[in-house]
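Here's the letter readout for the chains.
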Amino acid sequence: MDESTEEVLTLVGTRLKALRLNRKATLGDISASTGISVSTLSRLESGQRRPNLELLLPLARIYRVPLDDLVGAPATGDPRIHLKPVVHHGMTIVPLSRGSQGLQAFKHVIAAGTPVGEPNPQTHEGYEWMYVIRGRLRLVLGEHDFVLTAGEAAEFDTHTPHWFGRAGSGDVEFLSLFGRQGERVHVRARPNRPGG
């Protein structure tokens, strides 16, 4: 690892501690909100534990800061991204990828107060993966009826009749990856490590 990357990673702990103290939160408060153990949070803040995405994503979300700010990533030129959201059946959909080939990424937001309506499952070509960022998402999939909450994901063949909408009274925000040719998302998992 080069010196500049090592330096960036070393400063993450300092930033995490400053963000926590700014919120007047204890390590226990942050642990309860993120599911990360107090000992792991303490080691992150002191620089004894190397940060990784699995740890940084929930922390960025709880502190409400972009991941780039959390790690102090250097600027990479013009940061503007021109996304063109569309509104479809009361849902705001923001395309996050370009082109029409391969996997397509989207961010979906269904605002509180948007009429839910009765499920009307549809089928089409492809494969879909969804991840709930906040709120509660109802997913009707074939004969099954699920409610996904923040941090939960689902994947399914879109030949299966499916429908999704807001569950409960609040907003729901989620990401989806869709492959028209049936491309699947490959999720890699590794075993839990002691103290992590």
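Reading guide: rules and limits
- Residues numbered from 1 in each chain as written.
- Predicted model: local features only at pLDDT ≥ 70, side-chain atom pairs only at ≥ 80, totals over all residues.
- Heavy atoms only, no water.
- Salt bridge = Lys/Arg side-chain N within 4 Å of Asp/Glu carboxyl O.
- Helix = DSSP H or I, 4+ residues; strand = E, 2+ residues; numbered from the N terminus.
- Buried < 20%, exposed > 50% of the residue type's maximum accessible area, 1.4 Å probe, protein only.
- Pairing = 2+ DSSP bridges.
- Axes fitted to C-alpha atoms, helices over the stretch in contact; angles between N-to-C directions.
- Left-handed = near helix turned anticlockwise from the far one by under 90°.
- Contact = heavy atoms within 4.5 Å.
- Nonpolar A, V, L, I, M, F, W, Y, C, P; charged D, E, K, R; others polar.
- Core = buried A, V, L, I, M, F, W, Y, C linked by side-chain atoms within 4.5 Å.
- 1 Å grid on protein atoms, 1.4 Å probe; cavity = no way out; pocket = protein on both sides within 12 Å on 5 of 7 lines; lining within 4 Å.
- Points joined across faces, edges and corners; volume = space filled by probe spheres on them.

(A) The arrangement of the pattern of salt bridges in detail. Summed over all chains, the structure comprises five salt bridges. With a closest N to O distance of 2.7 Å, Glu45 and Arg20 form a salt bridge. Residue Glu45 is found in helix α3 (residues 38–46), and its partner Arg20 is found in helix α1 (residues 3–22); the two are separated by 25 residues along the sequence. Given a relative accessible area of 14%, Glu45 falls into the buried group. The exposure class assigned to Arg20 is buried, which follows from its relative accessible area of 9%. The salt bridge partner of Arg134 is Glu173, with a shortest N-O separation of 2.7 Å. Note that Arg134 is positioned in strand β4 (residues 127–134) and Glu173 in strand β9 (residues 172–179), a separation of 39 residues in sequence. Taking relative accessible area as the criterion, Arg134 reaches 36% and is therefore assigned partly exposed.

(B) Representation of the sheet that holds strand β5 (residues 136–141) in the model. In space, the three strands of this open sheet follow the order β6-β5-β8, with antiparallel pairing throughout. Each end of this open sheet is capped by a strand with a single partner; those strands are β6 (144–149) and β8 (162–166). The mean inter-strand angle of the sheet, taken between neighbouring strand axes irrespective of direction, is 20 degrees.

(C) Examining the pairing of β5 more closely. Taken together, the six bridges between β5 and β6 define a ladder with antiparallel strand orientation. Looking at β6, one finds that Val140 is bridged to Asp145. Between the end of β5 and the start of β6, which pair antiparallel, lie two residues, with Gly142 showing a positive phi angle near 60 degrees. When β5 meets β8, the two strands line up antiparallel, connected through five bridges. In the sheet register, Val140 faces β8, and the bridge partner there is Trp163.

(D) Here's a closer look at the packing of helix α2 (residues 27–34) against α3. As a packed pair, α2 and α3 sit with axes 9 Å apart at the nearest point and diverge in direction by 115 degrees. Both α2 and α3 take part in a crossing whose hand is right-handed. Every residue of α3 that contacts α2 at Leu27, Gly28, Ile30 and Ser31 is listed here: Val38, Leu41, Ser42 and Glu45. Classifying every residue of the contact of α2 with α3 by side-chain character gives four nonpolar, three polar and one charged.

(E) Broad picture of the nonpolar core. Of all hydrophobic cores here, the largest spans 16 residues; its most connected members are Leu16, Ile30, Leu41, Leu59, Tyr63 and Leu70. Those elements that provide at least two residues to this core are α1, α2, α3, α4 (53–63) and α5 (67–71). A per-element tally of this core places α4 first, with five residues. Core analysis: the next-biggest nonpolar cluster, separate from the first, contains 14 residues, Ile93, Val132, Ala154 and Phe164 among them.

(F) Quick peek at the environment of Arg61. Within the fold, Arg61 resides in helix α4. For the pair Arg61 and Arg134, spaced 73 residues apart in sequence, the C-alpha separation works out to 10.0 Å. Aside from chain neighbours lying at most four places away, what touches Arg61 is Tyr131 and Ile133.

(G) Region of the structure containing empty space enclosed by the protein. Evaluated as defined, the whole model comprises one cavity of 30 Å³ or more. In this structure, the largest cavity occupies an estimated 40 Å³ of space. Forming the boundary of the largest cavity are Leu16, Arg20, Leu27, Ile30, Leu41, Leu44, Glu45, Leu59 and Tyr63. Listing elements by their share of the lining of the largest cavity, those giving two or more residues are α1, α2, α3 and α4. Examining the composition of the lining of the largest cavity, we find that three residues originate from one element, α3, more than from any other. A class-by-class count of the residues in the lining of the largest cavity yields seven nonpolar, no polar and two charged.

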